[in-house]
There are 2 protein chains.
Amino acid sequence: MLPSENKYLTNVSFDTVIFGFTGEELKILVLEYQNTGLFALPGGYIRRDENLLDAAKKGIMRRTGLKTIHLEQFHTFGKLNRSNPEPSKRIAKGLGYEMPDDHWVLDRFITVGYYSLINYNEVRPTPNKFSDSINWYSINNLPPLMMDHEEIVKKALEAIRTDLGKKPIGTNLLPEKFTMKELRKVYEAILDKKLRRTTFQRKILSMDILIRHEKLYTGAANKAPYLYSFDKEKIEKL
Amino acid sequence: MLPSENKYLTNVSFDTVIFGFTGEELKILVLEYQNTGLFALPGGYIRRDENLLDAAKKGIMRRTGLKTIHLEQFHTFGKLNRSNPEPSKRIAKGLGYEMPDDHWVLDRFITVGYYSLINYNEVRPTPNKFSDSINWYSINNLPPLMMDHEEIVKKALEAIRTDLGKKPIGTNLLPEKFTMKELRKVYEAILDKKLRRTTFQRKILSMDILIRHEKLYTGAANKAPYLYSFDKEKIEKL
DNA sequence: TTATATTGTATCAATTTGATACAATAATGC
DNA sequence: GCATTATTGTATCAAATTGATACAATATAA
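Residues numbered from 1 in each chain as written. Chains lettered and ligands numbered in written order. Predicted model: local features only at pLDDT ≥ 70, side-chain atom pairs only at ≥ 80, totals over all residues. Heavy atoms only, no water.

### Quick notes on the overall build of chain A
Along its length, chain A carries six helices and 10 strands. Taking the principal axes of its C-alpha atoms as reference, chain A extends roughly 65 × 35 × 30 Å. Looking at chain A residue by residue over its 238 residues, the buried ones come to 49%. Sequence-distant contacts in chain A: of pairs separated by 6 or more residues, those separated by 24 or more amount to 72%. Looking at chain A as shown, the accessible area adds up to about 12500 Å², and 48% of this sits on carbon and sulfur atoms. One way to put it: in chain A the 38 positive side-chain charges average out to a point 7 Å from where the 30 negative ones average out. (Helix = DSSP H or I, 4+ residues; strand = E, 2+ residues; numbered from the N terminus. Buried < 20%, exposed > 50% of the residue type's maximum accessible area, 1.4 Å probe, protein only. Contact = heavy atoms within 4.5 Å. Areas by Shrake-Rupley, 256 points an atom, 1.4 Å probe, with all protein chains shown as cover. Lys, Arg positive; Asp, Glu negative; His and termini not counted. Charge placed at Lys NZ, Arg CZ, Asp CG, Glu CD.)

### Overview of the environment of A:L29
Residue and element names in this part refer to chain A. Relative to the elements of secondary structure, L29 occurs in strand 2 (residues 26–33). Note: C-alpha distance between L29 and V153 (124 residues apart in sequence) is 11 Å. With residues up to four places along the chain from it excluded, the contact list for L29 reads I18, L41, P42, T64, P125, I134, N135 and W136.

### Let's talk about the protein's contact with DNA strand D
The local shell around DNA strand D holds 25 residues, among which A:T198, A:N222, A:Y226, B:R196 and B:N222 are the closest. The sugar-phosphate share of atoms of DNA strand D within 4 Å of the protein amounts to 55%. In this structure, a base nitrogen belonging to DNA strand D sits 2.8 Å away from a side-chain N or O atom of A:R197. A distance of 2.8 Å separates a phosphate oxygen of DNA strand D from a polar atom in the side chain of B:K215. For the surface near DNA strand D, the elements supplying multiple residues, two or more each, are helix 5 (197–206) of chain A together with helix 5 (197–206) of chain B. Counting residues per element, the surface near DNA strand D draws most heavily on helix 5 of chain A, which supplies five residues. (Near = heavy atom within 4 Å. Polar contact = N/O pair within 3.5 Å; in protein donor to acceptor, adjacent residues only side chain to side chain.)

### Remarks on the confidence of the model for chain A
On average, residues of chain A carry a pLDDT of 90, and 97% of them reach 70 or more. Averaged pLDDT values for the elements of chain A fall to 85 in helix 2 (residues 85–94) of chain A and rise to 97 in strand 5 (residues 72–77) of chain A. (pLDDT = per-residue confidence, 0-100.)

### A look at the interface of chain B and chain A
The interface is formed by 27 residues belonging to chain B together with 27 residues belonging to chain A. For the pair chain B and chain A, the summed buried surface comes to about 2200 Å²; carbon and sulfur atoms form 54% of the total. At the surface where chain B touches chain A, the tally comes to two salt bridges. In this structure, the salt-bridge partner of B:D107 is A:R48, at a minimum N-O distance of 3.0 Å. Inspection of the chain B/chain A interface yields 16 residue pairs in polar contact (both at pLDDT 80 or more). Residue assignment for the side of chain B that touches chain A shows that the elements contributing at least two residues are strand 1 (8–21), strand 4 (43–47), strand 5 (72–77), strand 6 (110–118) and helix 3 (149–166) of chain B. By residue number, the principal contributor to the side of chain B that touches chain A is strand 1 of chain B, which donates four residues. In terms of residue class, the side of chain B that touches chain A is built from 10 nonpolar, nine polar and eight charged. (Buried area = accessible area lost by both parts, 1.4 Å probe. Salt bridge = Lys/Arg side-chain N within 4 Å of Asp/Glu carboxyl O. Nonpolar A, V, L, I, M, F, W, Y, C, P; charged D, E, K, R; others polar.)

### Quick notes on the relation of the copies chain B and chain A
For the pair chain B and chain A, the superposition axis carries a translation of 0.0 Å, the fit reaches an RMSD of 0.1 Å, and the rotation angle comes to 180 degrees. In symmetry terms, the pair is related by a two-fold rotation axis. Most of the interface of chain B is mirrored in chain A, where 100% of its interface residues again form contacts. (Least-squares fit on C-alpha atoms with pLDDT ≥ 70 in both.)

### Considering the sheet that holds strand 9 (residues 210–215) of chain B
All names here are of chain B. As summarised here, the arrangement of the three strands in space is 8-10-9, forming an open sheet in which the pairing is antiparallel. For this open sheet the edge positions go to strand 8 (178–179) and strand 9, each flanked by a neighbour on one side alone. Here strand 9 runs beside strand 10 (residues 226–230); their pairing, made up of four bridges, is antiparallel. In the sheet register, R212 faces strand 10, and the bridge partner there is Y228. (Pairing = 2+ DSSP bridges.)

### Remarks on the sheet that holds strand 9 (residues 210–215) of chain A
A sheet is described by the order of its strands in space; here three strands give the open sequence 8-10-9 (chain A), paired in antiparallel fashion. Each having just a single partner strand, strand 8 (178–179) and strand 9 of chain A make up the two edges of the open sheet.

### Topic: the UniProt feature "domain: NrtR DNA-binding winged helix" (unreviewed entry) in chain A
The residues that UniProt annotates with the feature "domain: NrtR DNA-binding winged helix" (unreviewed entry) are residues 171–230 of chain A. Measuring from the first to the last C-alpha atom of residues 171–230 of chain A gives 7 Å, for a span that is 37% helix and 22% strand. (UniProt positions renumbered as here; feature names shortened; annotations may be inferred.)

### So, the protein's contact with DNA strand C
Taken together, 25 residues surround DNA strand C, and among them A:R196, A:N222, B:T198, B:N222 and B:Y226 come closest. When the atoms of DNA strand C within 4 Å of the protein are sorted by group, sugar and phosphate make up 55%. Contact distances for DNA strand C include 2.8 Å between a base oxygen and a backbone N or O atom of A:K223. Contact between DNA strand C and B:R197: a base nitrogen at 2.8 Å from a side-chain N or O atom of the residue. Listing elements by their share of the surface near DNA strand C, those giving two or more residues are helix 5 of chain A together with helix 5 of chain B. Per-element accounting of the surface near DNA strand C gives the leading share, five residues, to helix 5 of chain B. Looking at the surface near DNA strand C residue by residue, the classes come out as eight nonpolar, seven polar and 10 charged.

### Observations regarding the nonpolar core
Core analysis: the biggest nonpolar cluster contains 52 residues, and A:I46 and B:I46 have the highest contact counts within it. Setting aside its immediate chain neighbours within four residues, A:I46 contacts A:Y8, A:L9, A:V12, A:S13, A:F14, A:N51, A:L52, A:A55, B:R108 and B:I110. (Core = buried A, V, L, I, M, F, W, Y, C linked by side-chain atoms within 4.5 Å.)

If you want it as structure tokens, here you go:
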């Protein structure tokens, strides 16, 4: 097959690290292939007629059931030894195919890494036709991932940690309205360290990107916290 | 030709933004193709038997004559409309070839962007067999670049500006020993704004990454500044 | 020897951050 | 009702950082 006869670009793929927040810890979506014991990040190939970013978005929307999604590209992985036809062969075999050795998906791939921060509770993890299951796993307790996918997760974590200082990252991890404590928990989960309650509150409020709403009465025997939402207009202007 | 018979990966390339510092302003290396009026960033393809990063390094070492080089990956460009066979055809024509329409270099490419900060004075810009010339251009006065190369330069600049806060970036732009003023000029050129002399000096010195050497007597009628070098051991530990 | 431009550092004010304190609740139990 | 309890929102003051200015210490020229 000539390269240009392939519906997809050859030698390039994307992989995504999709973060969700349970209220206590960060989790990522990991899929498992049928009859292989192989765990992988959701990823895919780029059609010749679509943008790289759109290809990644489409893939993630299918895996999560979400209709809008924000992706951030963080790194491209191109080591020679990251490509390995064995997993793909095992995946095909697990599905009952026998893949010819010269099949384009067994060739070497350079993969573009994207991360996404999404609302844990709005997601419906959806397996694709090759995978048994797709599930949330705590970033502190991942199954062994195939190829270099563990390195990809590590880089994604580094990326959101540095991006946290620049952009208000909580926007997509939390529901529309949230309390200051929930927002702080997001930051703590991402940075993996406790933050001072009062300093955090002062600093976030002084950024002037939150809108204060009504109070949230949970039934707990204490002062009710205010609900906040992000002021998207002001965030745009940053 | 089957994809796997090609010495290079298909559909993937790299492009590099090579920054040098004249003492006053930032420049980048831009090459011009023979008989076409086309200007482009130095870039290339990845051999099937080499790492992505090594491919980029090798390319830059050839273009600059440098024996060691540090590259930072900053973004991967994958828009559908960034690919355009016309420039490559014109380049081939300029060299006297006629390229068949199904040649792999005329196919769509996703390109990985790297930047490098190098010592302006140590470089011997070296054209390749396709290009007429390779020259330094001020980032404020670039020729029109082909395809999306202007966007690539813009992204590279954003990247070094944010990286400047994290890593001591001047290391490669300056000679081994330099004055505080020279270092400040580097920061000013990258950030495109003036910095307070005294605050800059205090902040850099408090980072404890510089070694102070002898004074530099230039012949000017004023107090001679100290020379400094980067303390590479301490920088490693950051 | 004096004049001049520049460097290195001190000084003090202004701002930001860290640490602590405390008043204001929203239930609960009596 | 009313004291109790956990948590929230904000004030307060100290500590650290940064901004702005001042000034002494040169290296050369005149």
